[in-house]
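As a plain string of letters, each chain reads:
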Amino acid sequence: MTRRRTINIIGAGPASLTAAIVLRRHGFAVKVFEAAPDVGHRLNGDFQGLENWSSEKDVTEQLREIGIGINFLCMPYHEGTVYAPGLDPVDVKSDRPIFYLVRRGDMPGTLDWGLKEQALALGVEIAFKRRVDSIEGRAIVGTGPKGADAVAVGMTFNTQMQDRAAVVLDDEIAPKGYAYLLVKQGYGTMAAVLYRDFKKADAYLEKTLAFFTGRMDLDMENTKKFGGYGNFFLRDSQMRNEKLYVGEAAGFQDCLWGFGMRYAMLSGYAAARSIMDGEDYDTLWQRELRPGLESSLVNRYLFERIGHAGYRLLTRCFGRGDPAKTLKRLYRPSLLKRLLLPLASAAYESSVRDLSCSREDCRCVWCRCGTRACP
Ligand SMILES: Cc1cc2nc3c(=O)[nH]c(=O)nc-3n(C[C@H](O)[C@H](O)[C@H](O)COP(=O)(O)OP(=O)(O)OC[C@H]3O[C@@H](n4cnc5c(N)ncnc54)[C@H](O)[C@@H]3O)c2cc1C
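Looking only at helices and strands, the chain features 9 helices and 16 strands. Here the C-alpha atoms of the chain give a radius of gyration of 20 Å, agreeing with the 21 Å that 2.2 N^0.38 yields for 375 residues.

What follows is the structure, given as structure tokens:
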């Protein structure tokens, strides 16, 4: 059954496509506008981790429950190696998958492609090469990040290396962030995620490359460089001019390390539920997502301050116990986190403001220009 009113959705990232799939399953006609010629254009065939520590429920179970099928590469990773300055590498292992490896981009097998296939199979209309900067009436806006609070620079490659996952915490290699290596079935991704010094991104990628090739037998062929950025901020409302903002367009992103996919999809689900059930979207996302977002903001505040000694301590903690449990504890809301939240919020304000828009009567779907009409 198709209900008469069409729901417009801007952007075809994971947040928007989740909303589209859920709405369509519940009988709504859905039209998605995507600026790029296909889904996943902002990504490059790189591996990403779908984190599995921020809630009790396994993330794949959570996705199935909200109506998202797993028709894309989604491999559980239970172990890996963590490096910190001045420490021997620490092997970590967990009973529960620490994360699921997914691939991103505009090719079959990726998360983006899988979500597109699910949406199309249900009858969602997707208009590609259709950039939308303003739209009348109600819509869901999932247009992704608008500026760089963190920058990732990396490369994908083919390799003979066995499957593995490795992370490096070292400000000389990825200031206030981390570098990682993910290899699965002859394909790999290596990247540095920086929270400072974006202009030296290429130099940090060189250091990342030197780090991994210097420590392990890593052959690389067919290397392709990529880069991207992440945007996080916390606002009290994600509804303006009848628009519901989802994913990174709403600043929904893990502030500590940039694991934004889960927030993106869950916020898309919350927006769909708000339309289906008439529940207030702000109430829904504040209940479901805000505790995790706030914990991640406090974690970022602390991570910025602990330095190399703190990285060593954290790495030893991961090695001593079950890393998935350690991470879950780190992300759990607590009284201490509540007390630190004002400090963390004051210390952190996204540098992003949409300078291209300052109209008093702004109706831009993406705008956070700060005018009276668009606070
Ligand atoms: C290099 C890199 C590595 C990452 N690694 C991880 C990771 O390991 N784990 C993790 O969880 N997250 C990771 N992330 C973050 C994750 O990719 C994002 O948080 C997630 O994709 C956000 O989803 P979204 O739907 O909000 O936006 P996006 O995925 O950015 O999708 C937005 C879409 O909207 C379209 N669009 C934009 N403006 C318009 C417009 N005006 N009209 C029409 N269409 C428009 C864009 O073309 C795009 O397709 C990484 C990000 C990068 C860049």
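Read on for the rest.
Here we come to the sheet that holds strand β10 (residues 150-158). Strand order in this open sheet of 7 strands is β6-β5-β11-β12-β13-β10-β14, and the pairing throughout is mixed. Sheet topology places β6 (90-93) and β14 (221-230) at the edges, where each strand pairs with a single neighbour. Put simply, the sheet's adjacent strands are angled 20° from each other on average, direction ignored. Note: strand β5 (residues 79-83) against strand β11 (residues 164-168), 3 bridges, orientation parallel. Across the sheet, Thr-81 pairs through a bridge with Ala-166, a residue of β11.

With respect to topology, 3 strands assemble into an open sheet ordered β3-β7-β4, the strand pairing being antiparallel. Here the strands that pair on one side only, and so sit at the sheet edges, are β3 (47-51) and β4 (75-77). Each strand axis lies, on average, 40° off the axis of its neighbour in the sheet, ignoring direction. Bridge analysis of β3 against strand β7 (residues 99-103) gives 5 bridges, and the strand direction is antiparallel. Residue Gln-48 lies in a different strand from β7, and its bridge partner there is Val-102.

It is worth spelling out the domain arrangement of the chain at this point. Many structure descriptions define interface size as the accessible area lost when the parts assemble. Here the chain is partitioned into domain 1 (3-75 + 104-146 + 232-347) and domain 2 (150-230). Each of domain 1 and domain 2 was reduced to a C-alpha centroid, and the two centroids are 24 Å apart. In this assembly, 20 residues from domain 1 lie in contact with 16 residues from domain 2. Residue composition of the side of domain 1 that touches domain 2, grouped by class: 9 nonpolar, 7 polar and 4 charged.

Let us now look at helix α6 (residues 281-288). Structural remark: α-helix, 3.6 residues per turn; residues separated by three or four positions point the same way. Of all the positions in α6, only Tyr-281, Leu-284 and Trp-285 are classed as buried. Angularly, the buried residues of α6 cover 85° about the axis, an arc narrow enough to put them on a single face. Seen from the buried face of α6, the exposed residues on the opposite side, beyond 90 degrees, are Thr-283 and Arg-287. Buried residues belonging to α6 abut β15 (239-240), β16 (243-245), α5 (261-277) and α7 (290-320).

Rules used throughout
Residues numbered from 1 in each chain as written. Predicted model: local features only at pLDDT ≥ 70, side-chain atom pairs only at ≥ 80, totals over all residues. Helix = DSSP H or I, 4+ residues; strand = E, 2+ residues; numbered from the N terminus. Rg over C-alpha atoms; globule rule 2.2 N^0.38 Å. Pairing = 2+ DSSP bridges. Axes fitted to C-alpha atoms, helices over the stretch in contact; angles between N-to-C directions. Domains from an automatic or database assignment. Contact = placed C-beta atoms within 7 Å. Nonpolar A, V, L, I, M, F, W, Y, C, P; charged D, E, K, R; others polar. Buried ≥ 20, exposed ≤ 12 C-beta atoms within 10 Å, placed from the backbone. Arc of directions from axis to C-beta.

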